[in-house]
Amino acid sequence: MGRVYLVGAGPGDPGLITVRGAELLGRAGAVVHDNLPDRSLLDLAPAPAELHDVGRGDGSGHTIGRERIADLLESLARRHDVVVRLTAGDPFVFGYAGEELLRLRRAGIAWEVVPGVTSAVAAPAAAGIPVTHRRVARSVTFFGDHPDLEQGAGGTDWAALAAVPGTLVSLMGVGRLAEIAAALIAGGRAASPPAAVVRRGATPRQEVVVGTLADIAERAREREIRPPAVLVVGEVVALRERIAWFERRPLFGRAVLITRPRAQAGGLGERLRELGADVVPAPVFRIVPPADEAPLRDAAARLGTFDWVFLTSANGVDALFEKLAQSGRDGRAFGAARLAAIGPGTAAALGRRGVRADLVPRRFVAEGILEAFAGIDLSRSRVLVWRAEGARDVLPVGLRAGGASVEEVDAYRLADEPLDPLVIERIDAGGIDAAIFTSASTVRGLRRALGDERFSRLAARALLAAIGPVTADALRECGAPVGVEAAEHTVGGVVDALVDRLAEDRE
Ligand code: SAH
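Residues numbered from 1 in each chain as written. Predicted model: local features only at pLDDT ≥ 70, side-chain atom pairs only at ≥ 80, totals over all residues. Heavy atoms only, no water.

A. Quick look at the side chain of His33. Take His33: it is sitting in strand β2 (residues 30-33). Its relative accessible area of 1% is what places His33 among the buried residues. Those residues in contact with His33, other than ones at most four positions away along the chain, are Arg39, Leu42, His52, Asp53, Val54, Gly55, Arg85 and Leu86. (Helix = DSSP H or I, 4+ residues; strand = E, 2+ residues; numbered from the N terminus. Buried < 20%, exposed > 50% of the residue type's maximum accessible area, 1.4 Å probe, protein only. Contact = heavy atoms within 4.5 Å.)

The structure is reproduced here in structure tokens:
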């Protein structure tokens, strides 16, 4: 019998889950989750894990009942060691999943609770509002305002709430802001101190409205603020002016589509998130082994017999070491062969395996490698080019022209991955500000996945960023304008180029 872990997912930024929560997700056989503002948290679960969405993510307003969720958890715990019940914020702060646990107890199923970062604290913090402050507010009171809650808790004592000193934070109350503010004022709370509403706090789509208790409802209505949002009442709100930091990050609020395969997207997505971007993962490929693996195995077995081994991507490096491991070997298999990596990403992938690249060119395209070899005599050298199926011929052709005897091996293949319908919806709604392409194949892959018409519409609206000249050419061939081309052909280079360009637009 497995165990059910009630895990707090935090306020929406996938970086704000606890280490313990992330570790459990990484071992989960099944995940039962609510409507998550950022689904990339689910990528932490192993690929074969069952994912069950029991929230209102489909927009239909439908939620499956607590009892059915408890039944689902029970049946999953009978099949998996680790079942994660993932809920927003902290599970026990205005959460209902505790009720599910009580039912599990009756079924004899063990559980644990992993607290989370509650939006009651994190949303104000991301808006630059500390919920307490030594000189301004020595206490904070959280209250929920929801019809369900009124039934259970016998209604809210507004006069008592209004009289509590310090900061007040209301959850689930945006739909009734005017009533809440009026009730607090009627209960004796001063109307003039500042108040704020923070919607989708601590996420790249955060919106903040500031006013006073008297006018905050009206201001929020003008800005069409809808749930999820918290209301913060108290002098601490004034600190925002000096503390606000979240919205000042260079890519804040920009929706950036990334096309890299999931296994590889990590570094790029993290960099963009760090800068405040709303990352929209749209992997157009999956990395799969080539149809025939015999040549791969054969070449891997003879690594030490080559003078040079050329590696053209981090994926290729991973595929190579996997092959070596399968036959019980490791980096020593290179023997005296020297290694050329196409760029720093590939060199770093080697580095992670404890192997140093002998050569990394100054320009990170196939032509760059050839330039780097301009002064090196390759005649009579035996060279292995370890590359993706269908890659350009520039490298082998150039090396042969230099006198080398070249063997090419297809280390992996890119298989089309269907696009998430939510991504298509966002494209159709014009909700993408920029798209990053890290190879020519991702350009063509996205166009195939979207179809010509949708791809053109995206290209007309969003800024398209290319990692280098080959990728930029692929965009032009698809009739898409190149918004920026990275000067340095690396993931960091293309992000820098995007930031610079968007900063120009802002000026
Ligand atoms: N257990 C959750 C709260 C669940 S009740 C927690 O600890 O955060 C749902 C309410 O949480 C919403 O109505 C809203 O008031 C608040 N909320 C959740 N995520 C939020 C976010 N990112 N920004 C602002 N409010 C949020």
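Still more to cover.
B. Spatial organisation of the domain arrangement of the protein. Considered domain by domain, the protein is made up of domain 1 (3-116), domain 2 (121-246), domain 3 (255-284 + 417-506) and domain 4 (293-414). Put simply, the middle of domain 1 and the middle of domain 4, counted by C-alpha atoms, are 43 Å apart. (Domains from an automatic or database assignment.)

C. Structural view of the site of the ligand. The ligand sits among 17 residues. The nearest are Val93, Thr118, Ser119, Gly201 and Ala229. Within the backbone of Val93, one N or O atom sits 2.7 Å away from a nitrogen atom of the ligand. Look at the ligand: alone it shows 540 Å² of surface, and the protein chains cover 88% of it. Among the elements of the structure, α4 (119-126) and β10 (229-233) are those that each provide at least two residues to the shell around the ligand. Across the shell around the ligand, the residue classes break down as 11 nonpolar, 4 polar and 2 charged. When residues of the shell around the ligand are assigned to domains, at least three map to each of domain 1 (3-116) and domain 2 (121-246). (Near = heavy atom within 4 Å. Polar contact = N/O pair within 3.5 Å; in protein donor to acceptor, adjacent residues only side chain to side chain. Areas by Shrake-Rupley, 256 points an atom, 1.4 Å probe, with all protein chains shown as cover. Nonpolar A, V, L, I, M, F, W, Y, C, P; charged D, E, K, R; others polar.)

D. Spatial organisation of the sheet that holds strand β13 (residues 285-288). Strand order in the open sheet made by the 5 strands is β13-β17-β16-β14-β15, with mixed pairing throughout. Each edge of the open sheet carries a strand with a single partner, namely β13 and β15 (338-341). Each neighbouring strand pair of the sheet contributes to a mean axis angle of 25°, computed without reference to strand direction. Pairing of strand β14 (residues 308-311) with strand β16 (residues 382-388), which is carried by 4 bridges, proceeds in the parallel orientation. For Val309, the partnering residue across the bridge sits in β16 and is Leu384. Seen against the sheet, helix α13 (residues 344-352) touches β14 and β15 and runs at an angle of roughly 135° to β15. (Pairing = 2+ DSSP bridges. Axes fitted to C-alpha atoms, helices over the stretch in contact; angles between N-to-C directions.)

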